[in-house]
Protein chains: 2
Amino acid sequence: MRRSIATVSLSGNLQEKLLAIAAAKFDSIELFENDLLFFDGTARDVRAMVEDVGLKISLFQPFRDFEGVPDEVFRRNLDRAERKFDVMGDLDAKMMLVCSNVSPAAIADDERAAAQLHELAERAAARGIRIGYEALAWGAQVKTYGHVWEIVRRAAHSHLGVILDSFHTLALGDGVEGIAHIPGEKIFFVQLADAPLLKMDVLSWSRHFRCFPGQGDFDVAAFAAKAIEAGYTGPLSLEIFNDEFRATAPSRTARDGMRSLLFLEEQIRGQLEESPAEPGRAPRPRVDLLDPPPPPDLSGVAFLEFAVDATARGELARWLEGMGFQRVGVHRGKDVTLYRQGDLAIALNAEPESFAHSYYLLHGVSVCAIGLRAADPAGLLSRAEVFGCQRFEERVGPDEAPMPGLRAPDGSLIYVVDESFDAAADFVRDRGEGASAGLVSAVDHVGQALPGDHFDTWLLFYRAVLRLKPEESWVLPDPYGLVKSRALANAARNVRFPLSFSESSRTVVARSLTTFSGAGVNQVAFSTGDIFKAVRALRKAGLELLRIPENYYDDLAARLGLDEAFVEKLRDHGVLYDRDAEGGEFLHVYTRTFHDRFFFEIVQRQGGYDQYGAANAPVRMAAQSRTAARETSLTP
Amino acid sequence: MRRSIATVSLSGNLQEKLLAIAAAKFDSIELFENDLLFFDGTARDVRAMVEDVGLKISLFQPFRDFEGVPDEVFRRNLDRAERKFDVMGDLDAKMMLVCSNVSPAAIADDERAAAQLHELAERAAARGIRIGYEALAWGAQVKTYGHVWEIVRRAAHSHLGVILDSFHTLALGDGVEGIAHIPGEKIFFVQLADAPLLKMDVLSWSRHFRCFPGQGDFDVAAFAAKAIEAGYTGPLSLEIFNDEFRATAPSRTARDGMRSLLFLEEQIRGQLEESPAEPGRAPRPRVDLLDPPPPPDLSGVAFLEFAVDATARGELARWLEGMGFQRVGVHRGKDVTLYRQGDLAIALNAEPESFAHSYYLLHGVSVCAIGLRAADPAGLLSRAEVFGCQRFEERVGPDEAPMPGLRAPDGSLIYVVDESFDAAADFVRDRGEGASAGLVSAVDHVGQALPGDHFDTWLLFYRAVLRLKPEESWVLPDPYGLVKSRALANAARNVRFPLSFSESSRTVVARSLTTFSGAGVNQVAFSTGDIFKAVRALRKAGLELLRIPENYYDDLAARLGLDEAFVEKLRDHGVLYDRDAEGGEFLHVYTRTFHDRFFFEIVQRQGGYDQYGAANAPVRMAAQSRTAARETSLTP
């Protein structure tokens, strides 16, 4: 299907918007009127700019409050329309959007609205223009697509049809079934927008919090599938009013928009395949919908790669050994050292001419790559490419196995390996095989800190490419501002990525961002079967844990009614505790922060606990900002 | 009355909060439990810290969901309470807040709730502690202070009373009259918070958007006055959950909080004086309420002072002369040049050892002072001091009149002069008297750009000190993000200050902020009686106006149905146009931006138009960012 986006969805002036939209491979645009009004040139100049980058104007929305008005107002409105038809002629725009009248003075009379829209359509037809009528959720008289279709049906004009907008329908909780009963040729245009579920007035919700399909909570795919069931073959068009998008580089927004549409097409295809056309109905028109390689079957984190320098390598190695990792050896062609514990490998990369080194120069000591285990690595990488990700493959030595990967939104790498992957294959053993010390057994989760306005980009990346599912959102107090946190995970719960971000620049999360691309791993959590044993081992190895205040334990005892001896044990070991509604338990400790970039966590899940101890995150952040302040004050 | 603030209202760790609260001269705090839990020390350590800075803990809120529960849960809750009483003993906190149960499992049985609270009060009494019971607006069974009082009355225990919170009452639209009928001694505590009117769920509204009284839309004074009418004599305490306050320097928040309380006391006093105690009732207890000098009687902007260097002075002088100002002369003791047009004076200050020079070093060429005309300058300055403003007086020469002023929140100056003020008194005439060219006659408004999180500070400053009233809020699209705008004005409409701010760092408003204190005048609007004459004079003087796109006029004609000839005249002169619902008209033009800091606007108001042409601001911002981009790209 044709892919379109409204210019209001992006930041910038019209030229910047058009370049970004064309680069992301959209076919057409909805021209938002302000983008014409604010442009310092004629409508013909705009048309030339649009055509120059290979786009078309699929829709133009030049005024409001047209229909359901007294006769004398209607005459003036027709005059306005004629002037706008002139502009549309210059623009070569063939469809005008008329949205339902929001004026309190609008008259509740479908017959009048239909007659007025009929006359508008008649005028439009003379210019070769079609009129699409759309219900605003806050329209004075007309709020639903069903009502719009009723008026369009009465008006009975070839140049008048229905425009559907997923936000207006889904925000009202209106059903989508009725869409399939509108004749396909009378659906002139389909606008798509998602949104988070918010309890607020629908106008503000629409104007400020829309997002791309796949970034919110609506079932936009079901909505769009119904239009296609009805026989709609026009563009799928994104119309997003979002405060952050207005301030974000338009190239990123356009890329996210295209990824969102492609992901949506995959879901629509799935919905249509599940519900074949009813026997009695005419066969659906053929529409092209994306058919990408299937979502990956992931089975966990195989390895992590840290970008280090020689100094940090020694220190990080001590930390890893403290947590039970054993050194395996050094890569036979590169300055990379491998540590292992059971199935889990960690590479410390200090090779001068490497991706890791570039990453180190930008971000300091940091996690530069995550290795995921997948049943079909090649399939996943093809899928990622279809969804607009860049592939990455580094030079390899003569006998080395190449390791293909993809670039995450911040430029870090996700390598993909299969079950047969042996992390140590290209390493020269100098210590052993990395036999398990039994302290930690796997990566439980990898947390990332993001700039506040990057969350939607990451959410969509993980949902579309890896098919991770977002979990509950948390808003947590850091001493210097609120932090938002939301994890994504696969169904098997062995790939978990909590994302954290903050509007304040003073929180622990915000301060861990680097100046350059911003995002980065700030937390690596390992799972253990015995947290107390792990703590004793860590202490024996001289690894300092984050200090938890006494008052936390006093409150824990009062709040959860825990056994005194158990609370004492937690307190003695500095272990934090959380319990879910079903009695599942989470015991965890944090290390101090390594070089201001990331910390390790060791976690023990019991009884089906499936969260991340969010209740304890504020205690951690308070302790981290205390520690950071102390270290800063000691700096000469 | 005693003045208190909840620690949750401020950013920082407990020590930072306490220092800021004490410096702002509060008497006591509500200790928020997280501030205890996250503190790395004992409850006794906290008590010592609080006492060290001269504060007391007036309230502690250690748990939720206490009352209206099954018996077995109640026993556990009592155990929790006993543990928290221990902590309160260590803290020397004598009042515990219990807010109404929000659990869906809470039992709808006032008798049970009363009995359980009675037992809690009995236990508390043994420890010398009192229990205050408060209605949360989203409580499961108890949502109003009336219901709380009903339960407290039934429970009938000396150590159990009512806690009032203005937010919970006013957000629900619950009446305040009933407060006056609660016996004063049974009102244990009064929490005060304001909020903007938002259509959203009350829980999110309360948790994220509370603000200090005077910063929002509620009549907090009427609420507090009712408690005092009832006989309440305890602290007035600010309990503000606000995302921005959590990320703002605590010293500023604490100062704003104190200013808010003082302003509130003035308003409460006014309300009480208007409604003396009913004859039948017991006389009200005497409470101390602030009695500041009365609000000022302002009559306009007398002068503006620009901080300049020698180069900018020449250029700015040409701009002023283009707008009809005449040079009067040079100050007899300082490097200050005076321009005048009728009653309006403008000083260009390049004196090396002056406030203006310091301001220039921080902000570049800028408006460093505004001179306001007031009936009683001394009274206004005293009032400002009472409300926590710093006074300012610069050195003067032997025969010069001193000109006292006050520091605005960004450090700029507001001078206050009376009707007899002669701007030219200390100037040596070298050109004339500044006879009016009749182009512009007065300052219509002075616009300020603020960092996004400074708006509430300025709003309160102008409301409390100058008694300006806030007008409608606007959200306007800049090509690179949304800009919020809200004006404050006096009743006579001759002092008008529109404030603009933006969450995006890329808007015209955000880019006009300086690195240092941020805020600054970005717009000086002069009023004229004939905009077309003014434009012709400006053009003749070679002053370049901001270029308005043709498409703006095409749309204006279609949108407002204006006469063609009139639209042509607007277009020829590059004049923007707005019309209000009553037919009042606003015609205006903008200059280009001077040294990236501010622009001038010339406005003509007709037929009672009382706004600022907000509909045209996006056209301006688009043109400004276009101009800025062009200039940047020309920079070698």
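Residues numbered from 1 in each chain as written. Chains lettered and ligands numbered in written order. Predicted model: local features only at pLDDT ≥ 70, side-chain atom pairs only at ≥ 80, totals over all residues. Heavy atoms only, no water.

Let us now look at the pattern of salt bridges. By the definition in use, this model includes 87 salt bridges over all chains. Put simply, Arg112(B) and Asp71(B) hold a salt bridge, and the shortest N to O gap is 3.0 Å. Residue Arg112(B) is found in helix H5 (residues 110-126), and its partner Asp71(B) is found in helix H4 (residues 71-91); the two are separated by 41 residues along the sequence. According to the relative accessible area criterion, Arg112(B) is partly exposed, its value standing at 24%. Residue Asp71(B) is classed as exposed on the basis of its relative accessible area of 52%. Among the ionic contacts, a cluster of salt bridges with common partners joins Arg75(A), Glu82(A), Asp86(A), Glu119(A), Arg123(A) and Arg127(A). (Salt bridge = Lys/Arg side-chain N within 4 Å of Asp/Glu carboxyl O. Helix = DSSP H or I, 4+ residues; strand = E, 2+ residues; numbered from the N terminus. Buried < 20%, exposed > 50% of the residue type's maximum accessible area, 1.4 Å probe, protein only.)

What follows concerns the UniProt feature "binding site: a divalent metal cation" (unreviewed entry) in chain A. Residue and element names in this part refer to chain A. The positions UniProt marks with the feature "binding site: a divalent metal cation" (unreviewed entry) are Glu134, Asp165, Gln191 and Glu239. Spatially, the listed residues are clustered: although they cover 106 residues, their C-alpha atoms lie within 13.1 Å of one another. Checking the annotated residues one by one, the ones that line the largest cavity turn out to be Glu134, Asp165 and Glu239. You can see glutamine 191 is positioned in strand S7 (residues 187-192). When residues no more than four places from it in sequence are discounted, the contact partners of glutamine 191 are Glu30, Leu59, Leu97, Glu134, Ile163, Leu164, Asp165, Ser166, Phe223, Ser237 and Glu239. (UniProt positions renumbered as here; feature names shortened; annotations may be inferred. 1 Å grid on protein atoms, 1.4 Å probe; cavity = no way out; pocket = protein on both sides within 12 Å on 5 of 7 lines; lining within 4 Å. Contact = heavy atoms within 4.5 Å.)

Attention now goes to the UniProt feature "domain: VOC" (unreviewed entry) in chain A. In this structure's numbering, the residues bearing the UniProt feature "domain: VOC" (unreviewed entry) are residues 300-419 and 442-605 of chain A. Here residues 300-419 of chain A is 27% helix and 38% strand, with 10 Å between the C-alpha atoms at its ends.

What follows concerns the relation of the copies chain A and chain B. In the superposition of chain A on chain B (RMSD 0.0 Å, axial shift 0.0 Å), the rotation amounts to 180 degrees. Taken together, the turn and the small shift mark the pair as related by a two-fold rotation axis. Scanning chain A for the C-alpha nearest the rotation axis identifies Met200(A), at a separation of 1.9 Å. With an isologous cut-off of 70% or more, the 100% of interface residues of chain A that recur at the interface of chain B puts this contact in the isologous class. (Least-squares fit on C-alpha atoms with pLDDT ≥ 70 in both.)

Right, let's talk about the pairing of strand S6 (residues 160-165) of chain B for a bit. Residues and elements named next belong to chain B. When you tally the buried positions in S6, you get 6 out of 6 residues, the bulk of the element. Handedness of the crossover joining strand S5 (residues 130-134) and S6 through helix H6 (residues 145-155) is recorded here as right-handed. Across 4 bridges, the pairing between S6 and strand S7 (residues 187-192) is parallel. Across the sheet, the residue bridging to aspartate 165 is glutamine 191, located in S7. (Right-handed = clockwise from strand over helix to strand, strands pointing away. Pairing = 2+ DSSP bridges.)

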